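Coordinate analysis (summary)
The residues making up each chain are set out below.
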Amino acid sequence: MNNPPRSGSDPFDVAVIGAGVVGSAIARALSGYQLDVALLDARRDVGDGTSKANTAILHTGFDATPGTLESRLVREGYRLLREYAQRTGIPYEPTGAVLVAWDEEQLAALPGLREKAERNGYRETELIDADEVYRMVPALGPGVLGGLTVPDESIICTWTTSLALATDAVNRGTRLLRSHRVESVSPGDGHTVLHTGAGEVRARWVVNAAGLGSDALDARFGFDRFHLNPRRGELLVYDKQARPLADRIVLPVPSKLGKGVLISPTIYGNVMLGPTAEDLTDRTDSSTTEEGYAFLLEKGERIMPELLREEVTAAYAGLRAASDVPDYTVEVSAERRYAVAGGIRSTGLTSAMAVAEYLVGLLGEAGLPLTERPELPEPPVMPNIGEAALRPYQDAERIARDPEYGAVTCFCERVTRGEIRDALRSTIPARDLGGLRRRTRAMNGRCQGFYCGAEVTGMLEDALREAGPETEPPTPHPTATGSAAASGSGGCACHEAGTPCREAGEPPSARPAQTPQPPRTRPGGRTTDTTGTTGREGTR
């Protein structure tokens, strides 16, 4: 159900800046009221910034700082997102987690972490001895002294989460404005003008959910309350043959130096190791490094040496917003008709829907009229790209109705022509190869598009041509013209999580480091993909 047609000169009631997971959740919540909402993003797709660079863990909030806004919203968001995932088909798996103590200091810290979890309202943790840890995760390296179970920690698809929330918002009437980078703002008496690279957008209220850029945007509205620095996290993604080694999340015990490195399964069937945590000044530098690669291999050798004998199929990095304020900054200025959701750390994937509810409540208290919209459409049912549920290529009934779901295009990830077609015709269609990867997993496998790149790129080009001149044609994937980078895997070496390769229009930072693979004991395995996740505050 969409809002009534509006004049191009009329201001929106609310403009939400940033179509990541938090901004999309806010737009969805606002569009449940009789409001004219715009959702802006500088990129060509939703969830294409920090939100795709998350370790994709649905957190219980057991280890948050008790009494903080973050603790409250993560706890509430866990419930909301889990229920929403069940309704919309967002892939998630309740794998559970175990914190592993490797020395006496870490072992002594476990009871305090259990007490902390209870103060956060989570009472399901259990202290276990070393034998029980090894029973749960037999592949762990020698030296485990004990552990703490967190049975309700889960893995989730961060790509589908952002897309589902944004799709829901659009179905409710939100106007999605992609490629609208806000360059300056002009607050006025009745509305604010957002000057973007694609023209002016006027709104009576503005919500800042701009992720890593939220502090700079906050300053344009006259505030100086939090400052962000980019924190780079590098990860290694292991082939699907490694999945039996890690069927649950293996968490480190936090220390004064941070939360450390985890090993986690992904819902795409892979295993990831990481992340690093490196503070930078360049907010665009998501390059991988030899130092990061070596650091992860060193940590992995201690945690799960058997994993390092499996094949690494991707090494990549992403940036997240590290704030100098030790909590979320979610505030509203009634005078300026402006709100901010800033400093939302990697827990924002879990807390997004709760952040949205909290912020909308503050906006109502500040004077934004909130009249519920009757007869809202049902939430969207999202395509399944996870391994825990039936995929289209496995669904005989679906294939019988539409043979395109039986025509496999990407053999590494078992992605069919029907899925690619649907992604190009959806409510929020993919406009580039990165968006297509995140919607389908096409070209995310071991061959990195060497086999399917030409066909996938051709389908995208055809869809953009049909959409009209307002969309830009993609730069052909290198495999579409027969070129192949000397990456040792046959195909382009630009296998970054969920984004196109450099040859397809991405900046150099999208390319993973060309570092040697660790020793391999297997010649093959069938498929892999990156998780679209990256560094966090220590472990998440």
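This write-up is about the structure you can find in this document. Everything quoted here is computed from the prediction, not taken from an experiment.

1. Let's talk about the pattern of salt bridges
Considering all chains together, one arrives at 34 salt bridges under this definition. Each of R43, D45, D48, K52, R178, R438 and R439 takes part in one network of salt bridges that share partners.

2. So, the pairing of strand β20 (residues 338–342)
Burial runs high along β20: 5 of the 5 residues are buried. The alternating pattern of β20 places Y338, V340 and G342 on one face and A339 and A341 on the opposite face, and all of these are buried. In terms of strand pairing, strand β19 (residues 329–333) meets β20 through 5 bridges, oriented antiparallel. By the bridge assignment, T329 is partnered in β20 with G342. Linking two consecutive strands that pair antiparallel, namely β19 and β20, is a turn of 4 residues; a positive phi of about 55° is found at R337 within it.

3. Comments concerning the environment of E124
Relative to the assigned elements, E124 resides in the loop between α3 (104–119) and β6 (126–129). By relative accessible area, E124 is classed as partly exposed at 47%. Sequence separation of E124 and R114 is 10 residues, and the distance between their C-alpha atoms is 9.0 Å. If sequence neighbours within four positions are ignored, E124 has contacts with T149, P151 and D152.

4. A word on helix α5 (residues 158–171)
For α5, spanning 14 residues, the distance from its first C-alpha to its last is 20 Å, which sits close to the expected 20 Å at 1.5 Å a residue. Counted residue by residue, α5 has 13 buried out of 14 residues, so it is predominantly covered. Once α5 finishes, G173 follows within two positions and takes phi at roughly 120°, a positive value.

5. Focus: the nonpolar core
Counting 53 residues, the largest nonpolar core has V16, V22, I26 and L30 as its most contacted members. For this core, the secondary structure elements donating two or more residues are β1 (12–17), α1 (21–30), β2 (37–40), α2 (69–88), α5, β12 (199–208), β20 and α8 (348–366). Per-element accounting of this core gives the leading share, 10 residues, to α8. Apart from residues no more than four positions distant in its own chain, V22 is found in contact with A209, A341, I344, G348, A352 and V355.

Cut-off values and rules
- Residues numbered from 1 in each chain as written.
- Predicted model: local features only at pLDDT ≥ 70, side-chain atom pairs only at ≥ 80, totals over all residues.
- Heavy atoms only, no water.
- Salt bridge = Lys/Arg side-chain N within 4 Å of Asp/Glu carboxyl O.
- Buried < 20%, exposed > 50% of the residue type's maximum accessible area, 1.4 Å probe, protein only.
- Helix = DSSP H or I, 4+ residues; strand = E, 2+ residues; numbered from the N terminus.
- Pairing = 2+ DSSP bridges.
- Contact = heavy atoms within 4.5 Å.
- Expected span 1.5 Å × (residues − 1).
- Core = buried A, V, L, I, M, F, W, Y, C linked by side-chain atoms within 4.5 Å.

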